[in-house]
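# Fold and contact review
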Amino acid sequence: MAHCGRRNRSKLLLFFFGVTLVGYLIFSRHNSADVRVTNRREAPGERQLDNKELKKPVYERLPLDLNALGEMGRAVKLNLNGEEKRKEEESIKKHQINTYVSDKVSLHRRLPERWNPLCKELKYDYRSLPTTSVVIAFYNEAWSTLLRTVHSVLETSPDILLKEVVLVDDYSDRAHLKEPLEKYISGLRKVRLIRATKREGLVRARLLGASITTGDVLTFLDCHCECHEGWLEPLLHRIKEEPSAVVCPVIDVIDWNTFEYLGNSGEPQIGGFDWRLVFTWHVIPDYEQKRRRSSIDVIRSPTMAGGLFAVSRNYFHYLGTYDTGMEVWGGENLEFSFRIWQCGGSLEVHPCSHVGHVFPKKAPYSRSKALANSVRAAEVWMDEYKEVYYHRNPPRTTGGLWRCERAEEAPREAGL
Ligand SMILES: [Mn+2]
């Protein structure tokens with residue numbers, strides 16, 4: 001038996017040797033084929049054709065119907081009366097967004113080009129860009145705004161770069177987000193749904209979504225967005241170039257009432273904050289303009305509005321992700337911004353990446369946790385400057401709860 005075993009073992013070794021040899025031959029043939037392809041001189045235009053193929057989105061857009069409502073980002077104005085008017089008003093009351101209008105706009109509509117024309121000249125090496133997973137957390141979001149976000153990602157993101165879209169349901173209770181949503185997305189490539197089993201808030205919901213992703217880069221989007229053509233490549237290219245850069249797209253306004261897309265190709269604004277830890281928008285300061293060599297270079301930004309950004313998965317983990325003690329919404333954007341800068345990274349806006357966002361009429365849910373979140377950010381990251389924050393937010397005790405009206409308004413101004 002021992003002898004037999006040895007003979008079997010030598011047969012086995014021979015077999016492995018054979019497999020390795022064949023494997024080596026196939027592999028080296030492959031390699032030399034690749035080298036030939038890369039070294040081959042290409043006729044002008046051939047490379048472009050190749051890139052055109054590589055930038056193909058997950059789904060191609062439906063043929064353009066210019067007569068459709070809201071097409072090319074146009075404003076929708078309806079002359080409603082009676083029952084229809086009442087339905088529209090009800091939808092605004094419920095979502096703080098005119099979802100009556102949204103429901104009438106195609107989930108696949110196109111947006112007009114609103115980026116710096118120089119962005120169109122940029123070329124990307126699609127094969128070497130990192131891949132991404134898009135994480136979209138939602139809570140009781142309307143059907144059409146949520147699904148327009150999903151379709152817009154699928155129809156603007158190159159298939160080769162998009163690993164998946166992960167929808168995270170933060171314990172919604174509306175019926176359309178249950179079985180109907182599951183059925184709908186089961187017919188879509190690359191879309192996954194994960195549900196929280198209790199209300200987690202934005203931070204923990206996003207982390208839950210991120211935990212099932214496989215892409216090199218995590219791209220977080222809000223749940224009522226529309227991506228402009230070419231929005232993804234600049235974010236991924238920048239992260240490839242500088243892995244510790246956290247990069248935000250330019251956030252273009254989509255009107256909550258008419259769904260008009262109000263993007264523009266001018267210089268975007270950057271994020272700041274005041275001593276109440278209220279997020280603020282600012283024009284690009286002179287010193288930053290001087291540092292940039294071109295109008296399509298990234299712009300460093302002290303803070304982010306919070307809803308939309310891309311970060312390398314590895315760097316996100318190096319940063320310790322988010323502060324998981326942040327509740328519901330508000331303040332987490334400043335905490336994360338301070339974290340990035342103080343941990344040696346950089347926070348940037350890429351002028352060639354545009355994403356539309358519906359800023360609601362007013363904040364659709366309670367801000368009661370935002371103050372506590374801001375206090376956490378101040379305590380963790382502001383050292384002695386936290387005293388300035390406390391000075392600007394004199395605490396008043398109301399029924400045992402810390403309360404400051406101004407700070408409760410804070411996230412509202414970020415508008416996400
Ligand atoms: Mn939002």
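Residues numbered from 1 in each chain as written. Predicted model: local features only at pLDDT ≥ 70, side-chain atom pairs only at ≥ 80, totals over all residues.

## A look at the overall build of the protein chain
The number of helices and strands found in the protein chain is 14 helices and 13 strands. At a minimum sequence separation of 6, the contacts of the protein chain that also span at least 24 residues come to 85%. (Helix = DSSP H or I, 4+ residues; strand = E, 2+ residues; numbered from the N terminus. Contact = placed C-beta atoms within 7 Å.)

## So, the pairing of strand β10 (residues 309–312)
Residues F309 and V311 line one face of β10 and the alternating positions A310 and S312 line the opposite face, and both faces are buried. Direction of pairing for strand β4 (residues 217–221) relative to β10: antiparallel, over a ladder of four bridges. Bridge assignment links T219 to a residue of β10, and that residue is A310. (Buried ≥ 20, exposed ≤ 12 C-beta atoms within 10 Å, placed from the backbone. Pairing = 2+ DSSP bridges.)

## Some words on unusual backbone geometry
Most peptide bonds adopt trans geometry, and most residues besides glycine take a negative phi value. A positive phi angle, close to 60 degrees, is found at M72, a residue other than glycine. For M72, the position within the fold is in the loop between α2 (46–54) and α3 (83–95). One non-glycine residue, N140, lies in positive phi territory at about 50 degrees.

## Observations concerning the packing of helix α11 (residues 332–342) against helix α12 (residues 370–381)
Relative orientation of the contacting elements α11 and α12 amounts to 15 degrees, with a least axis distance of 8 Å. With respect to each other, α11 and α12 are oriented roughly parallel. Here α11 runs over α12; the crossing is left-handed. Across the interface between the two elements, E332, L334, E335, F338, R339 and Q342 of α11 pack against N373, R376, A377 and W381 of α12. Its residues placed into classes, the contact of α11 with α12 shows four nonpolar, two polar and four charged. (Axes fitted to C-alpha atoms, helices over the stretch in contact; angles between N-to-C directions. Parallel < 35°, antiparallel > 145°, perpendicular 65-115°, else oblique. Left-handed = near helix turned anticlockwise from the far one by under 90°. Nonpolar A, V, L, I, M, F, W, Y, C, P; charged D, E, K, R; others polar.)

## Thoughts on the environment of S265
Assignment of secondary structure puts S265 in the loop between β6 (245–254) and β7 (270–273). For the pair S265 and C119, spaced 146 residues apart in sequence, the C-alpha separation works out to 10.0 Å. Every residue in contact with S265, bar those within four places of it in the chain, is listed here: R114, W115 and N116.

## Details of the nonpolar core
The nonpolar side chains of a soluble globular protein tend to be buried with one another. Counting residues in each nonpolar core, the largest one holds 85 residues, and the members touching the most others are V135, I136, V165, V247 and F309. Looking at this core element by element, the count peaks at seven residues for β6. Not counting residues up to four positions away in its chain, the partners in contact with V165 are V134, I136, V150, V153, L154, K190 and V191. (Core = buried A, V, L, I, M, F, W, Y, C linked by C-beta atoms within 7 Å.)

## Quick word on helix α8 (residues 232–241)
For α8, a buried count of eight out of 10 residues is recorded, marking the element as mostly surrounded by other parts of the structure. Looking only at α8, the buried set comprises L232, E233, P234, L235, L236, H237, R238 and I239. Each element contacted by the buried residues of α8 is listed here: β1 (132–138), α5 (143–156), β4, β6, β10 and β11 (346–358).

## Re the environment of E348
With respect to the helices, strands and loops of the structure, E348 is situated in strand β11. Assessed through the 23 C-beta atoms surrounding it within 10 Å, E348 is described here as buried. Taking C-alpha positions, E348 is 5.2 Å from S301, a pair spaced 47 residues apart along the chain. Beyond its immediate chain neighbours, meaning those up to four positions away, E348 contacts R238, A245, V247, C248, V298, I299, R300 and S301.

## So, the confidence of the model for the protein chain
On average, residues of the protein chain score 86 in pLDDT, and 82% of them are at 70 or above. The model gives residues 1–9 a pLDDT under 50, and that stretch makes zero contacts with residues more than four places away or in other chains. (pLDDT = per-residue confidence, 0-100.)

## As for the environment of R61
Looking at where R61 falls in the secondary structure, it is placed in the loop between α2 and α3. Exposure remark for R61: the 16 C-beta atoms within 10 Å place this residue in the partly exposed category. Measuring from C-alpha to C-alpha, the distance between R61 and S152 comes to 9.1 Å, with 91 residues separating the pair along the chain.

## Describing α12
Taking 1.5 Å as the rise per residue, α12 with 12 residues should run 16 Å; its terminal C-alpha atoms sit 16 Å apart, in good agreement. Turning to α12, its buried residues number three or more, namely A370, L371, N373, S374, V375, A377 and A378. After α12 finishes, the residue D383 shows a positive phi value of roughly 45 degrees. (Expected span 1.5 Å × (residues − 1).)

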